[in-house]
Amino acid sequence: MAPGLALAMICLSATTGCGLVGDDDSDASGTPRAGGSAVFLLPGEPRGLDPFSASYPNVADGNRMSALYDVLVWTEPATGTVHPKLAESLTSDAQYTNWTLTLRAGLRFSDGSVLDAAAVKATWDAHRDPTVNSLVGGVLRDVKLILVSDLQLRIELPSANANFDHMVARNLAFVAPTKFVSTPEGRAALKRTPIGAGPFKLAAWEPGKDLRMVRNENYWQKGLPHLDELVFRVDRNIAAAPESIAKSRADITVTTDPTVLGDARDKDLTVDETLLNGGLMIAFNLRKPPFDNADARRAIALALSGEELNRRFYKGLGVQARGIFNASSPLANVNLAAVENKPPQAGELFAKLTSNGQKPFVFHYLVPDSPKSRDIAEYIRRTLAGYPGVTMIVDVVDIASLVTRTSAKHDFEATVFQLWADDVEPSMHQFLITGGINNITGYSNSAVDKALGEGRLSPDPKVRRDAYTRVQTALNRDMPFWVYLEASAAAVHSRHITGVEPFNDGLVHFDRITRSTAD
């Protein structure tokens, strides 16, 4: 998942305690003072803290990784602009086939070792080693990596890609020391004892509860981070996050749940929201029955209503989706909408699939272990049970298992899924293209592949929109998934936490966070 992709689909909450600071943490000029602690809420345990097994989306491992590793480059959600961070620049030639990554001088990992171009190459080489089973390694297929100097890496692509910098920002931004990434033993060690170049380093890990980090004294930006300590706390109770933050039991979370955002605003918390493409969806596995049959996929969508799901489970605070593009996106064709909510037509298709109820239509629906996910799944199960012969079995698993089963093993029939994408490149492209690293559905359509390729090569918004109109049209016909709620991601935090600047799909620059007032 995002990021990998976006493969965690639930939102966040909190439990107990956070560190205290003094009466004021800024001087008379408003300059933040160093010190203090912050608790960041996440809904599940990490899959791993290495660049290869971690799941990068905002509500999964992406924010933990940002704190530990920092990023080579990052994207600004509002504009899609790519900015350097550990990298000094990432530029291409006129044909977009050769790119050059230039690092800042003097970068060091938290263990004191040098972060150089060789470390980037070693990390990327490990990603594409099939024995490593990286979630994002496929983006480097047939790519040549050539060391130019200690600080420069040349990247030769097999075909032109004007948006390769977006791919680096989403999939390849976390770098670890060469001595760890180059061996199986070293990569295994990184899962539990990560070594990165981020603003924080690991201090203690109590599985299932707290992951405590402290300031990295080798951080490349002198005087940063502002905080002395950062605690990531696991809590699966989605709805409780605003209450926990309002009562100073926690400080910040990232959520994709509109009801959590509404509650946060009611409690006068700060909400930094970003509208994204993608959305909350039911994704079908087209590789095997029953959803290798397009009628089965269409019947599910026709039986359900995005408006009703939004009303029942999101208090009407979300935005009903019309497809995979956000209505506000300049790349969307607002005249197109995916089919849904036509029960008579659903009944006709189910009757065909079940021989008028005589032949069972049974499938498993995979969801993460969270109250809202279970409640929505149960409502969908009851709705579909109203059609003769149709049975949906709900399988509830933890987030790490869900990521493994959907992304790595494709061991599912249908699943709840959420995609967060500020642009088609790279996440949506990887989700839709034949053989894409995030194409969990197994969808393959040559016309879609061609249109995605045209959109990838053009900087002209009109040309891209025309290409993606063809993509939308094909998706509405083929229904490899049904999107029922538009995507957004937001950082929710108390007003004594400042400097929160979301990037990519909702990750945070942890070097910039500070506490502006007393608790």
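Sequence order as written defines residue numbering, which begins from 1 separately in each chain. Totals for whole chains, interfaces and linings use all residues, but because this is a predicted model, local features are given only for residues with pLDDT of at least 70 and pairs of side-chain atoms are given and counted only at 80 or more. Side-chain metrics in this entry use all non-hydrogen atoms of the structure; hydrogen atoms and water are not considered.

Here we look at the packing of helix H9 (residues 306–314) against helix H11 (residues 371–385)
Spelled out, the test is: What counts as an axis is a line fitted to C-alpha atoms, over the stretch in contact for a helix, and the angles between N-to-C directions run from 0 to 180 degrees. Segments assigned H or I by DSSP are reported as helices when at least four residues long, segments assigned E as strands when at least two residues long, and all are numbered from the N terminus. For classification purposes, an angle smaller than 35 degrees is called roughly parallel, one larger than 145 roughly antiparallel, one from 65 to 115 roughly perpendicular, and anything else oblique. Crossing handedness follows the turn of the near helix against the far one: under a right angle anticlockwise gives a left-handed crossing, and clockwise gives a right-handed one. Contacts between residues were defined by any pair of non-hydrogen atoms, one from each residue, lying within 4.5 Å. When residue character is reported, Ala, Val, Leu, Ile, Met, Phe, Trp, Tyr, Cys and Pro are called nonpolar, Asp, Glu, Lys and Arg charged, and the others, Gly included, polar.
Between H9 and H11, whose axes approach to 11 Å, the crossing angle comes to 135 degrees. Viewed along their axes, H9 and H11 adopt a mutual orientation that is oblique. Taken as a pair, H9 and H11 cross one another with a handedness that is right-handed. On the side of H9, the interface is formed by Glu308, Leu309, Arg312, Phe313 and Tyr314, while H11 contributes Lys372, Asp375, Ile376 and Tyr379. In terms of residue class, the contact of H9 with H11 is built from 5 nonpolar, no polar and 4 charged.

Focus: the environment of Phe510
Of note, Phe510 is situated in the loop between strand S19 (507–508) and strand S20 (514–515). Along the sequence, Phe510 and Pro388 sit 122 residues apart, while their C-alpha atoms lie 53 Å from each other. The residues contacting Phe510, other than those within four sequence positions of it, are Phe40, Asn63, Ser66, Ala67, Pro199, Phe200, Pro225, Leu230 and Phe232.

A word on unusual backbone geometry
A cis amide bond links Leu224 with the next residue in sequence, Pro225, at an omega value of 0 degrees. Structurally, the position occupied by Pro225 is in the loop between strand S9 (210–215) and strand S10 (229–234). Of note, the amide linkage connecting Pro289 to Pro290 takes the cis form, showing an omega dihedral of 0 degrees. Relative to the assigned elements, Pro290 resides in the loop between strand S12 (270–284) and helix H8 (294–303). Unusually for a residue other than glycine, Tyr96 sits at a positive phi of about 60 degrees. Mapped onto the secondary structure, Tyr96 falls in the loop between strand S4 (87–92) and strand S5 (98–103).

A short note on the sheet that holds strand S15 (residues 414–421)
Going by this rule: One bridge is not enough; two strands pair if DSSP finds at least two bridges between them.
Strand order in the open sheet formed by 10 strands is S8-S9-S10-S1-S11-S16-S12-S15-S13-S14, with mixed pairing between adjacent strands. A single partner strand is all that each edge strand has here, and the edge strands are strand S8 (200–206) and strand S14 (390–397). Averaged over all pairs of adjacent strands, the angle between strand axes in this sheet comes to 25 degrees, irrespective of strand direction. As judged from the 2 bridges shared by strand S13 (residues 361–368) and S15, these two strands associate in the parallel manner. Bridge pairing links Tyr365 to Ala414 in S15.

Overview of the environment of Val334
Structurally, the position occupied by Val334 is in the loop between H9 and helix H10 (343–354). With residues up to four places along the chain from it excluded, the contact list for Val334 reads Arg322 and Ala327.

Here's the deal with the packing of aromatic side chains
What counts is decided by this rule: Pairs were defined over the aromatic rings of Phe, Tyr and Trp, the Trp ring being its six-membered one, requiring ring centres within 6.5 Å. Orientation was assigned from the angle between planes: stacked under 30 degrees, edge-to-face over 60, tilted for the rest. The cut-offs for exposure are 20% and 50% of the maximum accessible area for each residue type, with area from a 1.4 Å probe on protein chains only; residues under the lower value are buried, those over the upper are exposed, and the others partly exposed. Two thresholds decide whether a charge sits over a ring: the Lys NZ or Arg CZ must be within 6 Å of the ring centre and within 35 degrees of the ring normal.
Taken as a whole and judged by the stated rule, the model has 19 aromatic pairs. Summarising the aromatic geometry, the rings of Phe40 and Phe232 are spaced 5.2 Å apart at their centres and angled 45 degrees between planes, so their arrangement reads as tilted. With Phe40 in strand S1 (residues 37–42) and Phe232 in strand S10, this pair connects stretches of sequence that are 192 residues apart. Consider the rings of Tyr56 and Phe174, whose centres lie 5.0 Å apart with planes at 85 degrees: the pair is edge-to-face. Note that Tyr56 is positioned in the loop between S1 and helix H1 (62–69) and Phe174 in the loop between helix H3 (164–171) and helix H4 (178–181), a separation of 118 residues in sequence. Here Tyr56 and Phe174 have matching classes, each one buried. Cluster of aromatic residues (ring-pair linked, three or more members): Phe284, Phe291, Phe350, Phe361, Phe363 and Tyr387. Lying over the aromatic face of Trp205, Arg192 brings its terminal NZ or CZ to 3.7 Å of the ring centre.

Some details on the nonpolar core
Using the following cut-off: Buried Ala, Val, Leu, Ile, Met, Phe, Trp, Tyr and Cys residues that are joined via side-chain atoms within 4.5 Å together make up what is termed a nonpolar core.
Core analysis: the biggest nonpolar cluster contains 79 residues, and Leu101, Trp124 and Ile155 have the highest contact counts within it. Among the elements that make up this core, the one with the highest residue count is helix H2 (residues 117–127) (6 residues). If we ignore the near neighbours within four places in the chain, the residues touching Trp124 are Leu72, Leu101, Leu140, Leu145, Leu153, Ile155, Val168 and Leu172. With 67 residues, the next largest nonpolar core counts Leu366, Val367, Phe431 and Tyr468 among its residues.

Concerning the sheet that holds S4
Read across the open sheet, the 4 strands follow the order S4-S5-S7-S6; overall the sheet is antiparallel. Edge positions in the sheet fall to S4 and strand S6 (144–149), since each of these pairs with one other strand and no more. Taken over all neighbouring pairs, the strand axes of this sheet differ in orientation by 20 degrees on average, direction set aside. Taken together, the 5 bridges between S4 and S5 define a ladder with antiparallel strand orientation. For Ser89, the partnering residue across the bridge sits in S5 and is Thr102.

A word on H9
The following threshold applies: For the purposes of these results, a polar contact is taken to be a pair of N or O atoms within 3.5 Å, where, inside protein, one atom must be able to donate a hydrogen and its partner to accept one; residues adjacent in sequence count only when each atom of the pair is a side-chain atom.
Those residues of H9 that sit buried are Gly306, Glu308, Leu309, Asn310, Phe313 and Tyr314. Where H9 is buried, its residues meet helix H7 (258–266), S12, H11 and strand S16 (481–493). The residue sitting at the N-terminus of H9 and contributing the capping side-chain oxygen is Ser305; that oxygen lies 3.3 Å from the backbone nitrogen of Glu307.

Some thoughts on the pairing of S8
In this sheet, S9 lies alongside S8 in antiparallel orientation, the contact comprising 6 bridges. Opposite Glu206, over in S9, you have Asp210 as the bridge partner. Connecting S8 to the antiparallel partner S9 that follows it, the hairpin turn spans 3 residues, and Gly208 within it adopts a positive phi of roughly 80 degrees.

Description of the pattern of salt bridges
Condition: Salt bridge, as applied in this entry: a Lys or Arg side-chain nitrogen positioned within 4 Å of an Asp or Glu carboxyl oxygen.
All told, the structure shown has 33 salt bridges when counted by the stated rule. The partner of Arg170 in a salt bridge is Asp422, with the nearest N and O atoms 2.4 Å apart. With Arg170 in helix H3 and Asp422 in the loop between S15 and helix H13 (424–432), the pair connects residues that are 252 residues apart, well separated along the chain. Accessibility expressed as a relative area gives 5% for Arg170, which makes it buried. In this structure, Glu378 engages Arg381 in a salt bridge whose closest nitrogen and oxygen atoms are separated by 2.7 Å. Taken together, the residues span about one helical turn, with Glu378 and Arg381 both in helix H11 at a distance of 3 residues. Taking relative accessible area as the criterion, Glu378 reaches 29% and is therefore assigned partly exposed. Owing to a relative accessible area of 29%, Arg381 belongs among the partly exposed residues under this scheme.

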